[in-house]
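# Results of the structural survey
Next come the chains, spelled out residue by residue.
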Amino acid sequence: MAIRIEGVTKRFGDFVALLDVSLDIPDGELTALLGPSGSGKSTLLRIIAGLETPDAGRIWLDDRDVTRVPPQQRGIGFVFQHYAPFKHMTVYDNVAFGLTIRKRPGSEVRTRVGELLRLVQIEQFANRYPAQLSGGQRQRMALARALAVEPKVLLLDEPFGALDARVRKELRSWLRRLHDETRVTTVFVTHDQEEAMDVSDTIVVMDHARIEQVGSPRDLYDRPANQFVMSFVGPVTNVDGSLVRPHDLDIQTEPAEAAVEAMIDRVVFLGFEVRVELVRRDGSHVWAQVPRDVAERLELARGQIVYVRPTRAGMTATADGGVTGLEVGQGAVSASAR
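Residues numbered from 1 in each chain as written. Predicted model: local features only at pLDDT ≥ 70, side-chain atom pairs only at ≥ 80, totals over all residues. Heavy atoms only, no water.

Another point: the overall build of the protein. From N to C terminus, the protein includes nine helices and 19 strands. Taking the principal axes of its C-alpha atoms as reference, the protein extends roughly 75 × 45 × 35 Å. The 338 residues of the protein split such that 48% are buried. Here the analysis covers contacts within the protein between residues at least 6 apart in sequence; of these, 64% occur between residues at least 24 apart. Approximately 16,200 Å² of the protein is accessible, and the part contributed by carbon and sulfur atoms is 48%. When the 42 positive and 46 negative side-chain charges of the protein are each reduced to one mean point, those points stand 7 Å apart. (Helix = DSSP H or I, 4+ residues; strand = E, 2+ residues; numbered from the N terminus. Buried < 20%, exposed > 50% of the residue type's maximum accessible area, 1.4 Å probe, protein only. Contact = heavy atoms within 4.5 Å. Areas by Shrake-Rupley, 256 points an atom, 1.4 Å probe, with all protein chains shown as cover. Lys, Arg positive; Asp, Glu negative; His and termini not counted. Charge placed at Lys NZ, Arg CZ, Asp CG, Glu CD.)

So this is what it looks like as C-alpha cells:
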C-alpha cells in the first residue's frame, strides 16, 4: 500500500512539530524517517497511524483519504520502542490476540501464529511469558503481533532504541530480511544514521519540522542537499569552514601540493579502519579515516608531523543560505524541503 502525505502541519500549543510536510512512500518500500530529537519524525509516524490528527493537510493510503479515519480502520500495524505486551499471556497468546478479538477460526489462528513465530525465529518460545524473553526476543514478538492481522502498512517507532548495540545490529539485519519476505510497506523512525542506511530503501531526513532531503542512502551520503544533511548522514570534519568526509582526507609523510602541515594528536584503531586526530598549525582540529594497512605503512603515531589534503571537494555554506562544493543533491523524491 502506498502512502501519500500532502501539506501536513501539526502544532502542539506554540510548538510547531510539522510544517507543510509532503511525502510519497511507494508500495512495498522500507522507508526510514531520520533526524534529531524534536525534528518531527515521530509525530509524522503517529499521524500516518491515526494516533494524531494534523491541523492541516491530508493522509492517503493508496487512493483512500484516511485523514479522519480512526487508527483501527486503517489497516496499519504499529510497534513502539517500549513495547508493552500482555504480561499474563504467553508469546503465542500475545501474537494471537489481534486475531482472537477479530473472532477468526481457531485453526486459522493456530496456522497464522505458527507461521509468524517461525518467520521471526521465536517459535521455540511460544509457551514462555514476556518476562522470560530477552529484549530482542520481545521486539520480535511485537513485530509478529503487529503482522498477525496482515496490515497493509507497518510503522515502527525506534523499535530497537532500548537495546544494546550488538542486539540492535542483529535485529536491523533481521528486519531487512523480514521485509524482503513480507514486502509490507514499512516506515520506521530512527535517529541512528547507520541504522537508517543499513536497513532502508529510502531515507527521509528531517529537521525542525521539515523534510530536508529524501533519497537512497547513497544519494544522501554522496549528494547531500545541504550541510545539515551532510553532517547528519555520515561523519564529517571541518577544514577551513568546509565540511569534508574524513575518508576524503589524504595523509602524506612528505610535503605535497595543496597539503597543509599538521601534527598527529591521537591514533585510534577501529578494526579495519584507523581514526587519525590532527592539530594544524593554526590550532584547528581535523580528523581523517584511513585503512589500517595505510596507517601501518606510514607508521602513523602521536606527535608525528604529516601533510593533509582533501581528495574531494567539501561542502561550504554560502551567504544566501545555499551550499557549494560536492555534487549537491537535488533533495526531494516527492518531498517538500527547505
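More follows now that the structure is in view.
This brings us to the sheet that holds strand β15 (residues 273-280). Pairing within the open sheet is antiparallel, and its five strands lie in the order β13-β17-β14-β15-β16. Sheet topology places β13 (249-252) and β16 (285-291) at the edges, where each strand pairs with a single neighbour. Neighbouring strand axes in the sheet, compared pairwise and without regard to direction, differ in orientation by 45° on average. (Pairing = 2+ DSSP bridges. Axes fitted to C-alpha atoms, helices over the stretch in contact; angles between N-to-C directions.)

Before going further, it helps to spend a moment on the pattern of salt bridges. Pairs can form between side chains of opposite charge whenever their charged atoms are close. Applying the stated criterion across every chain, the model contains 17 salt bridges. For Arg104, the salt bridge is made with Glu108, and the minimal N-O distance between the two is 2.9 Å. Given the relative accessible area of 28%, Arg104 is considered partly exposed. A relative accessible area of 33% places Glu108 in the partly exposed class. Across the salt bridge formed by Asp219 and Arg223, the nearest N and O atoms sit 2.2 Å from each other. The exposure class assigned to Asp219 is partly exposed, which follows from its relative accessible area of 29%. It is possible to trace a salt-bridge network through shared partners that takes in Arg176, Asp180, Arg183 and Asp201. (Salt bridge = Lys/Arg side-chain N within 4 Å of Asp/Glu carboxyl O.)

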